[in-house]
Amino acid sequence: MAIQTTYTHARAKLASLLDEVTKNREIVIIQRRGSEDVAMITADELAGILETAHLLRSPANAKRLLTTLERVKKASGISQSIEALREEVGFE
């Protein structure tokens, strides 16, 4: 669950809020009077969200990824070592 705080409190406790975001992977929502709220998350988490959005933007790619995820959940795929995969695709 996200931590919600006011702008005034966030400004006074910025260092501890940043620690909470980075150490505990918390999301902090800063409520601003008269303006939109703002969320603080770690940069790598934002990068992951943006990458996921990019990969799911194409309907065909989204379908492939979701089909693969379902196969993994059902454990219906074929197990293969990294070495065997490299040999199969021609990487030495």
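Residues numbered from 1 in each chain as written. Predicted model: local features only at pLDDT ≥ 70, side-chain atom pairs only at ≥ 80, totals over all residues. Heavy atoms only, no water.

Engineer: Before we move on, can you summarise the packing of helix α3 (residues 43–57) against helix α4 (residues 59–74) with the specific residues and values?
Structural biologist: Where α3 meets α4, the closest approach of the two axes is 5 Å, and the angle between their N-to-C directions is 110°. Comparing their axes, α4 and α3 come out roughly perpendicular. Facing L55, L56 and R57 of α3, the residues of α4 in contact are P59, N61, A62 and L65. Here the contact of α3 with α4 is built from residues that sort into five nonpolar, one polar and one charged. (Axes fitted to C-alpha atoms, helices over the stretch in contact; angles between N-to-C directions. Helix = DSSP H or I, 4+ residues; strand = E, 2+ residues; numbered from the N terminus. Parallel < 35°, antiparallel > 145°, perpendicular 65-115°, else oblique. Contact = heavy atoms within 4.5 Å. Nonpolar A, V, L, I, M, F, W, Y, C, P; charged D, E, K, R; others polar.)

Engineer: Kindly report on unusual backbone geometry, identifying the contributing residues and their values.
Structural biologist: Despite not being glycine, R25 has its phi angle at roughly 55°, a positive value. Its location among the elements puts R25 in the loop between α2 (14–24) and β2 (28–31). Taking relative accessible area as the criterion, R25 reaches 41% and is therefore assigned partly exposed. (Buried < 20%, exposed > 50% of the residue type's maximum accessible area, 1.4 Å probe, protein only.)

Engineer: I'd love a proper account of the sheet that holds strand β3 (residues 38–40), names of residues and values included.
Structural biologist: Adjacent strands of a sheet form backbone hydrogen bonds with each other and so pair up, either parallel or antiparallel. Taken together, three strands build an open sheet; the order of strands is β1-β2-β3 and the sheet is mixed. Edge strands, defined here as strands with exactly one partner in the open sheet, are β1 (3–6) and β3. Averaged over all adjacent pairs, the angle separating strand axes in this sheet is 25°, with direction ignored. Here β2 runs beside β3; their pairing, made up of three bridges, is antiparallel. Note on β3: the bridge partner recorded for I30 is V38. Of the strands in this sheet, β1, β2 and β3 touch α2, which is tilted by about 60° from β3. (Pairing = 2+ DSSP bridges.)

Take it as geometry only, folks, not as evidence of what the structure does.
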